[in-house]
Structure formats: structure tokens, C-alpha cells
Amino acid sequence: MFHSIVVGTDGSATATEAVRRAHELAGVVSADLHVVSAYRPPAVVLAATAEPGLTPSAVVQWSAAAGDDVRRLLDSVAAGLSGPVNVTTHAVAGHPATAILSVAETVGADLIVVGNRGMKGTRRVLGSIPNHVSHHADCDVLVVDTLAAVT
């Protein structure tokens, strides 16, 4: 059925629920689980802030700190998952939807699990991570109801 499942997290309650559901499914079908978290690359931060006097050294330090924060989050998420599932974490610089899709392609995922946050209202029209993933994935996408589980 499924051999490789990808799920993203930002540490929020809804993302945690998506990870929990993906982990549960991976255990049932004996699939590998890949947990992805993204962070903004330095070029995006530089363009957004355009602070005068921002040195290349400061950018490198910021990038390293952002990556470290995401790796700590992923370590915490992985530590909270128990059972026989093989869990691999991926810290990726970039937009979250792009990061999820990139990891899915790299690992040959046959399923991506996303929560339904952002699938309704103006975010659905303006763009959301689950919406983008569901429209651009080269594999199956399971949209789980994470909003009901955390409210």
C-alpha cells in the first residue's frame, strides 16, 4: 500500500495532530515516516528587512540559528513518536509547501499527509500549504481533519 509517508510540521497544535495521524497510519501499513519542517532562507529575510549595515556574517549566523531551531523542533517531534515506525526528519530552507513537496519527491513518497487548516475561507482562496500541496503533489495526498481534533 504505502511505503513512504511525508508530513510537515511547524510545531502548532494542528500540525502536531497531522504528524500524529501520519505516524499512526505509517505504523498500520509499516511505512517509513518523513517529518518535514521549513524555515525562511536568508535571502527572504534580507529582502524583507533590508536593514542597512546587515553583514554577511550576521546573515550566516541567522541562517544557522533558524536551522538549529527547526532541528530542535524536529528532534522534539521525533522523540514524541513511539513504536516501530522508522522516522526521518528533514529541516529545509524554503516555503513549507515547497519543502514538503521536495522531500516527498526526494524520498519517493507515495503519500503526503496534511492538515485541513487553511482549506476554508479566505486562506483557501489566497493560498495555503495544504491547498498548494494537494494541487502540486506527484503522489497521493491525505487531508486530515486537524481542526476538529484541537478545538
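My aim in this report is to walk through the structure given alongside it, one point at a time. Predicted, not measured: the structure shown is a model, and the values here were computed from it. (Residues numbered from 1 in each chain as written. Predicted model: local features only at pLDDT ≥ 70, side-chain atom pairs only at ≥ 80, totals over all residues. Heavy atoms only, no water.)

**As for the overall build of the chain**
Then step 1. Counting its secondary structure elements, the chain contains 7 helices and 5 strands.
Then step 2. Put simply, the chain runs from its N terminus to its C terminus through helices and strands in the order β-α-β-α-α-β-α-β-α-α-β-α.
Then step 3. Considering the chain as a whole, with its 151 residues, one finds that 36% of them fall into the buried category.
Then step 4. Partitioning the contacts of the chain with sequence separation of at least 6, the portion at a separation of at least 24 is 75%.
Then step 5. As presented, the chain carries roughly 8,300 Å² of accessible surface, and 55% of it is formed by carbon and sulfur atoms. (Helix = DSSP H or I, 4+ residues; strand = E, 2+ residues; numbered from the N terminus. Buried < 20%, exposed > 50% of the residue type's maximum accessible area, 1.4 Å probe, protein only. Contact = heavy atoms within 4.5 Å. Areas by Shrake-Rupley, 256 points an atom, 1.4 Å probe, with all protein chains shown as cover.)

**Topic: helix 1 (residues 13-29)**
Then step 1. With 17 residues, helix 1 should reach 24 Å at 1.5 Å per residue; the first-to-last C-alpha distance of 25 Å fits that figure.
Then step 2. Listed in full, the buried residues belonging to helix 1 are Thr14, Ala15, Glu17, Ala18, Val19, Ala22, His23 and Ala26.
Then step 3. A positive backbone phi angle near 55 degrees is found at Ser30, which sits one or two residues after helix 1. (Expected span 1.5 Å × (residues − 1).)

**Notes on the environment of Thr98**
Then step 1. Considering the arrangement of structural elements, one finds Thr98 in helix 4 (residues 96-107).
Then step 2. Along the chain, Thr98 and Ile129 lie 31 residues apart, while their C-alpha atoms are 8.7 Å from each other.

**Some remarks on the environment of Thr106**
Then step 1. Along the polypeptide, Thr106 turns up in helix 4.
Then step 2. Of note is the side chain of Thr106, whose polar atom sits 2.9 Å from the backbone oxygen of Ser102. (Polar contact = N/O pair within 3.5 Å; in protein donor to acceptor, adjacent residues only side chain to side chain.)

**Notes on the nonpolar core**
Then step 1. Grouped together as the largest cluster of nonpolar side chains are 20 residues, with contacts concentrated most on Ile5, Val7, Leu33, Val35 and Val113.
Then step 2. The set of elements that each furnish at least two residues to this core consists of strand 1 (4-8), helix 1, strand 2 (32-39), helix 3 (56-79) and strand 4 (111-115).
Then step 3. Excluding residues within four positions of it along the chain, Val113 makes contact with Ile5, Val6, Val7, Gly8, Ala18, Ala22, Leu142 and Val144.
Then step 4. Of all hydrophobic cores here, the second largest spans 13 residues; its members include Val36, Ala99, Ile100 and Val114. (Core = buried A, V, L, I, M, F, W, Y, C linked by side-chain atoms within 4.5 Å.)

**Points about helix 6 (residues 129-136)**
Then step 1. Three or more residues of helix 6 are buried, namely Pro130, Asn131 and Val133. Each buried residue of helix 6 sits inside an arc of 165 degrees when the element is viewed along its axis, so together they form one side.
Then step 2. Where helix 6 begins, one side-chain oxygen reaches toward the backbone nitrogen of Asn131, 3.2 Å away; that side chain belongs to Ser128. (Arc of directions from axis to C-beta.)

**Considerations on the pairing of strand 4**
Then step 1. For strand 4, the tally of buried residues reaches 5 of 5 residues, placing the bulk of the element in the interior.
Then step 2. One ladder, built from 3 bridges, connects strand 1 with strand 4; its direction is parallel. If you follow Ile5 over to strand 4, its bridge partner there is Leu111.
Then step 3. In terms of strand pairing, strand 4 meets strand 5 (residues 140-144) through 5 bridges, oriented parallel. (Pairing = 2+ DSSP bridges.)

**Looking at the side chain of Ser4**
Then step 1. Secondary-structure assignment places Ser4 in strand 1.
Then step 2. What makes Ser4 buried here is its relative accessible area of 7%.
Then step 3. Contacts of Ser4, omitting those with residues within four sequence positions, involve Ala31, Asp32, His34, Val107, Gly108, Ala109, Asp110 and Leu111.

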